[in-house]
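Spelled out, the chains give:
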Amino acid sequence: IRDHRRRLAGEFDALLREQTEEVDKAAATNDKLAQASALLTLSVDYAYVNESTQQIASLEQALALDRSGPGGTLNIYLHYGLLISLGNAYLAQKDARPARAAFDEITKSIDGMPDAASRAQQRRVYALAELGSAAVAALNNDLDTARAIYSDALKAPMPGSPAQFTRSDVLLEDARFERNA
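Residues numbered from 1 in each chain as written. Predicted model: local features only at pLDDT ≥ 70, side-chain atom pairs only at ≥ 80, totals over all residues. Heavy atoms only, no water.

## Some details on the pattern of salt bridges
- Summed over all chains, the structure comprises nine salt bridges.
- Note that E11 and R6 form a salt bridge whose closest N and O atoms lie 2.9 Å from each other.
- Residue R6 is classed as buried on the basis of its relative accessible area of 13%.
- Linking R7 and D45 is a salt bridge whose minimum nitrogen-to-oxygen distance equals 2.4 Å. Of this pair, R7 sits in helix α1 (residues 2-8) while D45 sits in helix α3 (residues 32-48); the two residues are 38 residues apart in sequence, bridging distant segments of the chain. There is no split in this pair, since R7 and D45 are both buried.
- Taken together, the shared-partner salt bridges connect R6, E11 and E18 into one network. (Salt bridge = Lys/Arg side-chain N within 4 Å of Asp/Glu carboxyl O. Buried < 20%, exposed > 50% of the residue type's maximum accessible area, 1.4 Å probe, protein only. Helix = DSSP H or I, 4+ residues; strand = E, 2+ residues; numbered from the N terminus.)

Printed below as a string of structure tokens:
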């Protein structure tokens, strides 16, 4: 909350400096999880100041650190958060290929989970990845696919569905899509 207030007050230089110091401190202690988390926070401020190249570089670096963990991730929630943020950052740059790769990695990873309980815990993340895929389809001028994803997302979920959509998220993304289509 404190950082959010500082962002609203426009204290970006100080925030960027402090967050860069946090990244450096975590790197000095070889705490990869803390370093990846600090890089994710740093990427938020790069997004606020419209530094999309720096934002993506921070997210890519955090994702590389995360993938160095046992089993390919340090923390599954951080991993999916990084991929969602990275996909959205690439969408903001109108770069569909890496955005699609980020969202596809999420859905394939969740689909590949061996037990239903693990998949059920990630239904919300799966939904965000599906909405990202719809945005990628729209960016690629595949308007019918994007409309189909948004339409399906608004339907009542079927038992065992991999995604749990939030109606407000779907309506917001669909409105953005229709405005730009």
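## Quick word on the layout of surface pockets
- In this structure, the largest pocket spans a volume of roughly 670 Å³.
- Contributing to the lining of the largest pocket are 23 residues, with L91, A135, E173, R176 and N180 lying nearest its centre.
- Residue assignment for the lining of the largest pocket shows that the elements contributing at least two residues are α5 (76-92), α8 (123-139), α9 (143-154) and α10 (167-180).
- With seven residues, the top contributor of residues to the lining of the largest pocket is α10.
- Roughly 210 Å³ of volume is contained in the second largest pocket.
- A153, K155, A156, P157 and F165 are the residues nearest the centre of the second largest pocket, which is lined by 14 residues in total.
- Mapped onto the lining of the second largest pocket, the elements with two or more residues apiece are α9 and α10.
- Among the elements that take part in the lining of the second largest pocket, α9 stands out by supplying three residues, more than any other.
- Tallied by class, residues from the lining of the second largest pocket come to eight nonpolar, three polar and three charged. (1 Å grid on protein atoms, 1.4 Å probe; cavity = no way out; pocket = protein on both sides within 12 Å on 5 of 7 lines; lining within 4 Å. Points joined across faces, edges and corners; volume = space filled by probe spheres on them. Nonpolar A, V, L, I, M, F, W, Y, C, P; charged D, E, K, R; others polar.)

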